[in-house]
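Chain by chain, the residues run as shown.
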Amino acid sequence: MMERLSKRNLCLVGLTLFSMFFGAGNLIFPPFLGAMAGTNTWTAMVGFAVTAIGFPILGVIAVAKAGGLTSLAGRVHPAFAAVFTLLIYLSIGPCLAIPRTASTSFEMAVIPFLDGRIPAGTAQLLYSCLFFTIAFLVALKPDKLTDRLGKVLTPCLLTLIAILFIGCILKPASGYGGTSETYQNHPFVKGFLEGYLTMDTIAALNFGIIISLNIRALGMKSESSIIKETIRAGVIAGGILLLVYAALAHIGAVTGGAFGYSENGAQTLNQMVRFLFGRAGLIMLAAIFFIACLNTCIGLISCCSRYFCTILPRIGYRAWAFVFAAVSLIIANAGLNRILEISVPVLNAIYPAAIVLILLSFLFRDGKRWQPVYVCSIALTGVTSIAMSLYQIGITPLGRVLNRLPLHSLNLEWISPAVAGIVIGMVVCARRGKRSGPGSLAERKPRNPG
C-alpha cells in the first residue's frame, strides 16, 4: 500500500489546492492593500498573511485530522455542526464566492474590451453563461482536478503573474506611495481584517474533501497517509500563496506610488499592466483573472456539490453541480460591487467562529473531553460577531453594548468573548472532573490541553 506520494504528485496536489484557494479575492485584495498601505505594506501584509494563508492552511489540517468539517463542528454540538456547515457551504458556494468568481473575471477580462459595442448587462450575461458552462463541465469529474488544474491551468497562471511581477521590477513606475488613513495607525490589524475577504479560511474547511479525493485517485488508500499528504499539500499551497501575495502587494504599492489610490485591486492591476505592456497587458491581465477565477469556481462547485449529496443523495452530484452553476450565474449578474458589499457583513459574522474552531482543534484535540470549551467559546464568539455584523448594517442596536468590549476600535471585539468562553469551559471541565471522583478529568488533566 502506498504510504507517501511521489514528490511530483505531491507538488501537483499542492498546486491544485493553491488553485482552488487563489481566485477573485486573492487577486484583487493584495494589490489594493499595497496601494493603500504604501510604506506600511509589509506590516499590513503580515496581518493579511495570518488570515489569508495561516488560518486557511491550519483549517485544511484541522479538517483533515478531524475527518471532515461536520466532525470538527460536531465537537460543539450536532445541531451547530449542521447549521454552521450549511452556512459555510452557502457562503463559499452560490450565495457569495462562486458568483464573485464570474463577476470579478468579467470586470477584468471583458469590460476593458467592450468599447460600448455591446451593452455591459448583455455582455455580462453572455460571459456568465460561458464561464459557468466551462466550470460545470470540468467540475463533473472532481477526482480529475489534479490533472486539469494542477498540471495545466495553475502553471499558466503562475507564469503570467511572474511575468507581471518581473516587468514591475525591471520597469518600476515609482517607489511605494503614501499611506492612506486606514493603514496609518494599525496596519497589521487592517491587513488581518482584509484577509477575511479572501474567504479562504472558511473555504479551507471544505477543500479537504476534494483534495483527499484526488489523493485517493493517485493510488493512496490508507486514511492516516491521506491525512499526512493532505497536510503536506497544504504547506506547499501556503508557500505558493505567500510568494504570490507578496508579489501582488509589491505591484500594488508601486502602482499606488505612481498613479495614486484606486477604487479596488482590479483597477490597481489595470493601471500597472497598461503602464508596463500597453493594450497587450490588458489581454494578459484578462487571462490571469479568467484562469484564477475559473480554477476557484470549479473547486467550489465540486466541494459544494459533494457536500449536498450527503444531505440529499437522491438528487445526485451532477444535478447539484448544475443547480449551483445556474444559481451562481443569476447572482453573478448583480455585479461585483454589490456582491462585495453583501459579503463583508456575512464574513464578519462567520469568520471569527471559523477561526476559533480551527484554533480549538489544535489546543483541545479531544473534542469529547473538552466539549464545554468548544460550546462556551463558539457560543460567545458567534453571538458577538453576529450582533456586531447586524449592528454595522443597522438592523439591531445590540452592538452599542458590545462597543465597550476590548479591541472594539480594531474590529476584533470577538477575541475577548472567545477567550472568556475558553476559560469558562475549562472551569466547567474541571468541576465535572471533581464531581467524577477518582480517575476524573481533573486528575487525568495533562500538562498541555489536548
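Now for a quick tour of the structure. Keep in mind it's a predicted model, so treat the numbers as computed, not measured.

A look at the overall build of the protein chain
Next up, step 1: Broken down by element type, the protein chain carries 19 helices and zero strands.
Next up, step 2: Taking 2.2 N^0.38 as the reference for a compact globule, 450 residues should give roughly 22 Å; the C-alpha atoms of the protein chain span a radius of gyration of 22 Å, in line with that estimate.
Next up, step 3: For the protein chain, the C-alpha atoms occupy an extent of roughly 80 × 55 × 40 Å along the three principal directions.
Next up, step 4: The buried share of the protein chain, reckoned over its 450 residues, is 56%.
Next up, step 5: Seen as two clouds, the 35 positive and the 15 negative side-chain charges of the protein chain have centres 8 Å apart.

Some thoughts on empty space enclosed by the protein
Next up, step 1: Applying the stated criterion to the full structure yields one cavity of 30 Å³ or more.
Next up, step 2: The computed volume of the largest cavity comes to approximately 100 Å³.
Next up, step 3: Lining of the largest cavity is provided by 17 residues; of these, Ala-97, Arg-100, Thr-198, Thr-296 and Leu-300 occupy positions nearest its centre.
Next up, step 4: At the level of secondary structure, the elements contributing two or more residues to the lining of the largest cavity comprise α1 (7-21), α2 (24-37), α6 (97-109), α10 (200-217) and α13 (279-311).
Next up, step 5: Taken together, the residues of the lining of the largest cavity sort by class into nine nonpolar, six polar and two charged.

A closer look at the nonpolar core
Next up, step 1: Residues Phe-22, Phe-84, Phe-132, Ile-202 and Leu-205 are the most contacted members of the largest nonpolar core, which totals 140 residues.
Next up, step 2: Sorting elements by how many residues they give to this core places α13 first, with 19 residues.
Next up, step 3: When residues no more than four places from it in sequence are discounted, the contact partners of Phe-84 are Leu-69, Ala-73, Leu-205, Ile-350, Ala-353, Ala-354 and Leu-357.

Things to note about the environment of Gly-208
Next up, step 1: Within the secondary structure, Gly-208 sits in helix α10.
Next up, step 2: We classify Gly-208 as buried; its relative accessible area is 12%.
Next up, step 3: Along the primary structure Gly-208 and Thr-230 are separated by 22 residues, whereas in three dimensions their C-alpha atoms are 7.3 Å apart.

Here we look at the packing of helix α7 (residues 120-139) against α13
Next up, step 1: Close contact between α7 and α13 brings their axes to 9 Å; oriented N to C, the two are set at 55 degrees. Considering their axes alone, α7 and α13 lie oblique with respect to each other. In terms of crossing hand, the pair formed by α7 and α13 is right-handed. Taking contact as the criterion, the partners of Tyr-127, Phe-131, Phe-132, Ile-134, Ala-135, Val-138 and Ala-139 in α7 are, on α13, Phe-290, Cys-293, Leu-294, Cys-297, Ile-298, Ile-301 and Ser-302.
Next up, step 2: Classifying every residue of the contact of α7 with α13 gives 13 nonpolar, one polar and no charged.

Here is what the cut-offs are and how they apply
Each chain has its residues counted from 1, running along the sequence as written. In view of the model being predicted, local features appear only for residues whose pLDDT reaches at least 70, and side-chain atom pairs are presented and counted only at 80 or more, with totals across whole chains, interfaces and linings using the full set of residues. Only hydrogens and water are set aside; all other atoms, that is, all heavy atoms of the structure, feed into the side-chain values. Only DSSP runs of H or I with at least four residues qualify as helices, and only runs of E with at least two residues qualify as strands; both kinds are numbered from the N terminus onward. For the radius of gyration, the atom set is restricted to C-alpha positions; the globular benchmark scales as 2.2 Å times the number of residues to the power 0.38. Accessible area is worked out with a 1.4 Å probe on protein chains only. A residue is then buried under 20% of its type maximum, exposed over 50%, and partly exposed in between. When charges are tallied, Lys and Arg are placed among the positive residues and Asp and Glu among the negative ones, while His and the ends of the chain are skipped. By convention, the point assigned to a charge is CZ for Arg, NZ for Lys, CD for Glu and CG for Asp. Cavities and pockets were defined on a 1 Å grid built from protein atoms only: a cavity is a group of points that admits a 1.4 Å probe but offers it no way out, a pocket is an open group of points flanked by protein on both sides within 12 Å along at least five of seven lines, and a lining residue is one with an atom within 4 Å of any such point. Grid points are joined across faces, edges and corners, and a volume is the space filled by probe spheres set on the points. Just so you know the grouping, Ala, Val, Leu, Ile, Met, Phe, Trp, Tyr, Cys and Pro go in nonpolar, Asp, Glu, Lys and Arg go in charged, and all remaining residues, Gly too, go in polar. Nonpolar cores are built from buried Ala, Val, Leu, Ile, Met, Phe, Trp, Tyr and Cys residues. Side-chain atoms within 4.5 Å join them into one set. We call two residues in contact whenever any of their non-hydrogen atoms come within 4.5 Å of each other. Structural elements are reduced to axes, namely lines fitted to C-alpha atoms, with helices fitted over the stretch in contact, and the angle between N-to-C directions of any two is expressed from 0 to 180 degrees. Roughly parallel means an angle under 35 degrees; roughly antiparallel means over 145; roughly perpendicular covers 65 to 115; every other angle is labelled oblique. Each crossing gets its hand from how the near helix is turned against the far one by less than a right angle, where anticlockwise is left-handed and clockwise is right-handed.

That's the geometry; what it means functionally is another story.
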